[in-house]
Amino acid sequence: MASVSMTINGKAVRANVEPRTLLVEFLREHQRLTGTHVGCDTSQCGACTIHMDGKGVKSCTVLALQCEGAQITTIEGLANGEELHPMQAAFRENHGLQCGYCTPGMIMAAIDIVKRKGHDLDEHVIREELEGNICRCTGYHNIVKSIAAGAKAMRGHAGLQQAAE
Amino acid sequence: MNAHLSRRAFLQSTGALVVAFGAADAGLAQAPGSAGAPGRVLDPARVDAYLALHPDGTMTIYCGKVDLGTGLRIAIPQMAAEELGIGLEKINLIEGDTALTPDQGTTAGSTGIARGGVQIRQAAATAREALQRMGAERLGLAPADVVATEGEVRPRNGGAGIGFGELIGDRQFALKLDAKAPLRNPDDYLLVGKPLRRPDIPAKVTGTHLYVHNLRVDGMLHGRIVRPPAVDAKLVSIDESSIAHIPGVRVVRIENFLGVVAEDEWDAVRASRALEANWETRDTLVGDEALRQSMQAGPFESDEVLLKKGDARSALASASDRLRSEFYWPVQTHGSMGPSCAVADVRDGKATIWTASQGTHRFRFAFAHFLGLPEDAVRLIYLDGAGCYGMNGHDDAAADAALMSRALGRPVRVQWMREDEHRFDPKGPPQLLALEGALGSDGKIAAWRTEMWIPKATASLPNVPLLGPDAAGAKQPMGISTGLISQNASPPYGVKNVDVLAHWLKDAPLRPSNIRAPGKIANIFAVESFTDELAAKAREDSLAFRLNSLEDPRGVEVLKRAAALLGWQARPSPGPGGLGRGIAYVHYKDNENYVAIAMEVEVDRPTGAIHVRRVACAHDCGLMINPDGVRSQVEGNILQTLSRALFEEIKFDRKGVTSADWASYPILTYPDVPELLIDLVQRPHEPPLGAGEASAAPVAAALANAVHDACGIQLRTVPFTRERVRTALSGEGKSG
């Protein structure tokens, strides 16, 4: 067992883990943050995307131990109390999901795209950027709409974003 | 969310339970073998099976159908609230719990609304009549002089009303469902037909929704299954010393069933990977490469004439110029995003199983059977899983969990690994069709024969045999189930001489199950592609060729509307090159939805890549309860079926499935998503039908027809891989 410390959704966390424990396992089972979903175990689907030090990362590709000192944000850390993050609100407004299993990963990936590509995202950019996230249901169309709307709504919500990181 | 099973949730759900004051009413006796929670009426013929009104004016709907991400969770309350006259905010919905909800059949075949919702609507209409009678009596008015609205019975001419809660309160209706209870006039609808939002979306965007994957119960162990390297392998020996370094792991071995459990999930995962097991494998499978040939060789269960009109054989024999083509649809997986998962607690002669099953009621018998328990000691409770589109691994995972829980006397949660899901979920079966047709002197189709080679579903089988019990040597009904895969195999164009013959195969190459729009996608792929081949032979425009012979006005309308969305220009196919367009039509199951799909594609000749640019769909499912839900289902059908037609085939060798992940079984990703143009026909005075399947059926045919229009090749084998397109282009004009 090895000790690890990190900040998850603004809260300092210290724990002992088996050294090869994946971050997604650590979040879901040890921290009981089950909003991050396991889809493929093989980094091919994107359902487990979280933010590590402000960047989108598939949490099945990172060991918990590699997150020593890191700032981790999960889907549970986005909303400000009852107030949804603008990207979450956009998914709600645009019916951006069907079964919803891929949704947490889509939302986390979407916020990452906005940070890298700005608030005015055309559909083409969104599609190219989301190639690593799959939805089987498949709500691709509404997800793209949600992200375009969410990206715009995130303008001026810098404070909220910071709070979320 | 740490979602411990909430006792409160259970109590809330039974909190409606009502003292049976009508105990003498024979209707309170429950249907045989359907013992439920105390006081619950489960007989699907009774109003109280579906609805309970509470003293505070709220209502619980008990629904045997479940929401698979499909929107039933808003649509069914819309139907019930509309019919009863109560606010949606007053409604709580319980789904798919064998102790609480009536058996309304599996959530399959696009029947959630058409059967499940319609039953609940009739229960609400019956309840409304009863409430109006009670209210009228209290108000001293005739029943005709009161109305039920906003949760009250009010005098028709105004004045104070009485709340439903006060009228029925703690009592049961003790009424049979009245098939004649009048329904509200659709012209007066306030809720039905509105794109109201699903109630489950907020928790799904905040990561707090209770999927079965997130359920934790007290004392629960985490389990993983150690799958054999080959189908039908025998477990010879295991070496437990191989996992001695992982603390607290226990092995569950029952004949050829092998699993591990641990307090910590990661320990279970590690142990399942590290455990050394020695298996005896055999080459029992035909393999994907030899599959197509093998289907025409049998062995066969039977031949069945599904349709015989006129004399197709003679008409074809005497035709001067007839066409014959073969179409093949491969084995495919449901490809759920999440690996299957379930939690089971089997102790003290009782079993409780939390499962994402599409058929909690249907599977109860099978679970009782292999657990050796009476059926009424087994309770299956539906919780959301990842979208499944037919029977994926959910029921198998539930059986795995139940076997291990019984062995250990503690609750066990089993989650499959991705590889388990791709390799072992029951698969959509392969289909092979041979079509023959000839034109008459009028340029219309004069004769048509369809021959199909398809696996036979075993009649009256309660389920597909479950993997875990099978390995464990437990008794269960053996057979196969594939859904109704022989439907929509004849042309809907008034052809006078038609034969449809099914050669039912005794077996399927891999354990099969129903997969979205079972059989109909492949059958329509064949029928509507072949219709285009005949249209091309007649040098007729594809749309006009269909409209010339189609009489059903609802069919004509969707064809015209889909074509109009795409800006269809009449001309024969193939076109001049460049952008190709194709169209296909289905009258789903010959008696349900009307759908037409038209699409535009470009084919990149050097690479063989098909780029789908625009897809237009006109969709008529009768009365739409929630157009937003219908639109999502239609979009999902189109994109998922494009994926299946363009990319998907399960590869397997003599031992087992080799397409074990998303790299070896690629599906549609964002860059391949076309523009979608969707036209939903609202028909308020027609019965409501489902939307979860029908629009999948014409997708592959429209795609093949568009490819033919673009470059002159007719693709008849799915998937339309780049290699297949290149091969077909090299022998242009011939089969693909």
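Residues numbered from 1 in each chain as written. Chains lettered and ligands numbered in written order. Predicted model: local features only at pLDDT ≥ 70, side-chain atom pairs only at ≥ 80, totals over all residues. Heavy atoms only, no water.

1. Quick word on the overall build of chain B
Inclusion rule: Numbering of helices and strands starts at the N terminus; helices are DSSP runs of H or I of at least 4 residues and strands are runs of E of at least 2. Our radius of gyration looks at C-alpha atoms and nothing else; its globule reference is 2.2 Å times the residue count to the power 0.38. The buried label applies to any residue whose accessible area, calculated with a 1.4 Å probe on protein chains only, is under 20% of its type's maximum; exposed applies above 50%, and partly exposed to all values in between. Working rule for contacts: check all heavy atoms of both residues, and any pair within 4.5 Å makes them a contact. For accessible areas, the Shrake-Rupley method is used with a probe of radius 1.4 Å. Any residue's cover is judged against the shown protein chains and nothing else. A residue counts as positive if it is Lys or Arg and as negative if it is Asp or Glu; His and the chain ends are not included. The location of each charge is read from NZ of Lys, CZ of Arg, CG of Asp or CD of Glu.
For chain B, the count of helices and strands is 18 helices and 26 strands. The C-alpha radius of gyration computed for chain B amounts to 27 Å, which stays within 12% of the reference 27 Å derived for 736 residues, consistent with globular compactness. In terms of principal-axis extent, the alpha carbons of chain B reach across some 80 × 75 × 45 Å. Evaluated residue by residue, chain B yields a buried proportion of 62% over its 736 residues. Of the contacts made within chain B by residues no fewer than 6 positions apart, 77% connect residues no fewer than 24 positions apart. If you sum the accessible surface of chain B, you get close to 25,800 Å²; carbon and sulfur atoms cover 50% of it. Here chain B holds 80 positive side-chain charges and 88 negative ones, and the gap between their average locations is 1 Å.

2. Brief notes about the pairing of strand S6 (residues 152-155) of chain B
Residue and element names in this part refer to chain B. The cut-off we apply is this: In this analysis, strands are considered paired if DSSP registers two or more bridges between them.
Pairing of strand S5 (residues 146-149) with S6 involves 4 bridges; the strand directions are antiparallel. In the strand pairing of S6, Ala 148 is matched with Val 153. Where S5 folds back onto S6 in an antiparallel hairpin, the turn is made up of 2 residues, including Glu 150, whose phi is positive at roughly 50°. As defined by bridge partners, S6 adjoins strand S7 (residues 162-163) across 2 bridges and the pair is classed as antiparallel. Across the sheet, the residue bridging to Glu 152 is Gly 163, located in S7.

3. Observations concerning empty space enclosed by the protein
Summary: where empty space remains is shown by rolling a probe the size of a single water molecule over the atoms. For the record, the criterion: A cavity, in this analysis, means grid points on a 1 Å lattice covering only the protein atoms where a 1.4 Å probe fits yet has no way out; a pocket is instead an open set bounded by protein on both sides within 12 Å along at least five of seven lines, and a residue lines either one if it has an atom within 4 Å of a point. Grid points are joined across faces, edges and corners, and a volume is the space filled by probe spheres set on the points. Residue type decides the class: Asp, Glu, Lys and Arg count as charged, Ala, Val, Leu, Ile, Met, Phe, Trp, Tyr, Cys and Pro as nonpolar, and the leftover types, Gly among them, as polar.
Within this structure, the stated rule accounts for 9 cavities of 30 Å³ or more. A volume near 550 Å³ is recorded for the largest cavity. What lines the largest cavity is a set of 37 residues, and nearest its centre among them are B:Thr70, B:Ser110, B:Gln633, B:Ala691 and B:Gly692. If you list the elements that add at least two residues to the lining of the largest cavity, you get helix H2 (72-84), helix H3 (112-139) and helix H16 (627-647) of chain B. Looking at the lining of the largest cavity residue by residue, the classes come out as 18 nonpolar, 17 polar and 2 charged. The calculated volume of the second largest cavity comes to roughly 160 Å³. Looking at the second largest cavity, it is lined by 18 residues, and the ones nearest its centre are A:Leu22, A:Val24, A:Glu25, A:Val38 and A:Asp41.

4. Things to note about the packing of aromatic side chains
Residue and element names in this part refer to chain B. The condition that has to hold: Aromatic contacts are taken between Phe, Tyr and Trp rings whose centres are within 6.5 Å, Trp giving its six-membered ring; a plane angle under 30 degrees counts as stacked, one over 60 as edge-to-face, and the others as tilted. By the criterion adopted, a ring carries a charge over it if an Arg CZ or a Lys NZ lies within 6 Å of its centre and within 35 degrees of its normal.
Evaluated as defined, the whole model comprises 8 aromatic pairs over all chains. For the ring pair Phe 327 and Phe 525, a centre distance of 5.5 Å and an interplane angle of 85° mean the geometry is edge-to-face. Here Phe 327 is found in strand S15 (residues 322-329), whereas its partner Phe 525 is found in helix H13 (residues 520-537), with 198 residues between them in sequence. The same class applies to Phe 327 and to Phe 525, which are both buried. Following the ring pairs from residue to residue traces out a cluster consisting of Phe 327, Trp 329, Phe 525 and Phe 720. We note Arg 227 situated over the ring of Phe 424; from NZ or CZ to the ring centre the distance is 5.6 Å.

5. Notes on the domain arrangement of chain B
Residues and elements named next belong to chain B. We count it as follows: Domain borders in the structure are assigned automatically or taken from a domain database. Joining two parts hides part of their accessible area as seen by a 1.4 Å probe, and the buried area is that hidden amount summed over both. By salt bridge we mean one thing: a side-chain nitrogen of Lys or Arg within 4 Å of a carboxyl oxygen of Asp or Glu. We define a polar contact as two N or O atoms separated by no more than 3.5 Å, with the added condition that, inside protein, one atom must be a possible hydrogen donor and the other a possible acceptor, whereas residues neighbouring each other in sequence contribute only through side-chain atom pairs.
Split by domain assignment, chain B resolves into domain 1 (3-205), domain 2 (213-281 + 334-424) and domain 3 (292-331 + 428-730). For domain 2 and domain 3, the distance between their C-alpha centres works out to 36 Å. At the interface, 32 residues of domain 2 touch 31 residues of domain 3. Counting the surface lost from both domain 2 and domain 3, the interface buries some 2,600 Å², and carbon and sulfur atoms represent 64% of this. Sorting the residues of domain 2 by area buried against domain 3 places Tyr 389, Met 391 and His 422 first, and these three jointly supply 23% of that buried surface. Inspection of the region where domain 2 meets domain 3 yields 1 salt bridge. For Arg 511, the salt bridge goes to Asp 396, with nearest N and O atoms at 2.8 Å. At the junction of domain 2 with domain 3, the criterion picks out 10 residue pairs in polar contact (both at pLDDT 80 or more).

6. A short note on the interface of chain A and chain B
How big an interface is tends to be stated in terms of accessible area lost as the parts join. Listed as interface residues are 51 residues of chain A and, on the opposing side, 59 residues of chain B. In total, about 4,900 Å² of surface goes out of reach between chain A and chain B, with carbon and sulfur atoms giving 55% of it. For chain A, the biggest contributors to the area lost against chain B are A:His95, A:Tyr101 and A:Arg136; these three give 18% of the whole. With a closest N to O distance of 2.4 Å, B:Arg216 and A:Glu29 form a salt bridge. Where the side of chain A that touches chain B is concerned, the elements lending two or more residues are helix H1 (23-30), helix H2 (86-93), helix H3 (103-117), helix H4 (123-129) and helix H5 (140-154) of chain A. Counting residues per element, the side of chain A that touches chain B draws most heavily on H5(A), which supplies 5 residues. Looking at the side of chain A that touches chain B residue by residue, the classes come out as 21 nonpolar, 16 polar and 14 charged.

7. Some remarks on H2(A)
All names here are of chain A. Most of H2 is tucked away: 6 of the 8 residues are buried. Turning to H2, its buried residues are Pro 86, Met 87, Gln 88, Ala 89, Ala 90 and Phe 91. In the segment just after H2, His 95 is the residue with positive phi, at about 50°.

8. Section: the packing of H2(A) against H3(A)
Residues and elements named next belong to chain A. Heads up, the condition is: For helices, the fitted line uses only the C-alpha atoms of the stretch in contact; every axis is such a line through C-alpha atoms, and the angle between N-to-C directions lies from 0 to 180 degrees. An angle counts as roughly parallel when it lies under 35 degrees, as roughly antiparallel when it exceeds 145, as roughly perpendicular when it falls between 65 and 115, and as oblique in every other case. Note: crossing handedness is left-handed where the near helix turns anticlockwise from the far helix by less than a right angle, and right-handed where it turns clockwise.
Two elements in contact, H2 and H3, have axes separated by 10 Å at closest approach and are oriented at 125°. As the angle between them shows, H2 and H3 are arranged oblique. Here the hand of the crossing between H2 and H3 comes out right-handed. Mapping the contact onto sequence places Met 87, Gln 88 and Phe 91 in H2 and Thr 103, Met 106, Ile 107, Ala 110, Ile 111 and Val 114 in H3. Partitioned by chemical class, the residues of the contact of H2 with H3 number 7 nonpolar, 2 polar and no charged.

9. Re the sheet that holds strand S20 (residues 431-439) of chain B
As a general point, the strands of a sheet are linked pairwise by backbone hydrogen bonds and lie either parallel or antiparallel. Residue and element names in this part refer to chain B. The sheet built from 5 strands is open, its strands ordered S14-S22-S21-S20-S15 with mixed pairing. The open sheet is flanked by strand S14 (300-309) and S15, the only strands paired with a single partner. Each adjacent strand pair in this sheet contributes to an overall mean axis angle of 10°, direction not counted. Of the strand pairs in this sheet, S14 and strand S22 (residues 497-505) are connected by 8 bridges, and their pairing is antiparallel. Opposite Asp 303, over in S22, you have His 503 as the bridge partner.

10. Section: the confidence of the model for chain A
Do not read the predicted coordinates in detail wherever pLDDT is low. Counted only if it meets this: For every residue, the predictor assigns a confidence score, pLDDT, that lies between 0 and 100.
Of the residues in chain A, 95% reach a pLDDT of 70 or more, and the chain-wide mean stands at 94. Every residue in residues 159-165 of chain A is under pLDDT 50, and counting partners more than four places away or in other chains gives 15 contacts.

11. Overview of unusual backbone geometry
When glycine is set aside, most residues are seen to have a negative phi, and most peptide bonds are trans. Of note, the amide linkage connecting B:Gly298 to B:Pro299 takes the cis form, showing an omega dihedral of 5°. The backbone phi angle of A:Asp53 is positive, close to 50°, even though this residue is not glycine. Inspection of the secondary structure puts A:Asp53 in the loop between strand S3 (49-52) and strand S4 (55-58). Located in the positive-phi region is A:His95, a residue other than glycine, with phi close to 50°. Take A:His95: it is sitting in the loop between H2 and H3. According to the relative accessible area criterion, A:His95 is buried, its value standing at 7%.

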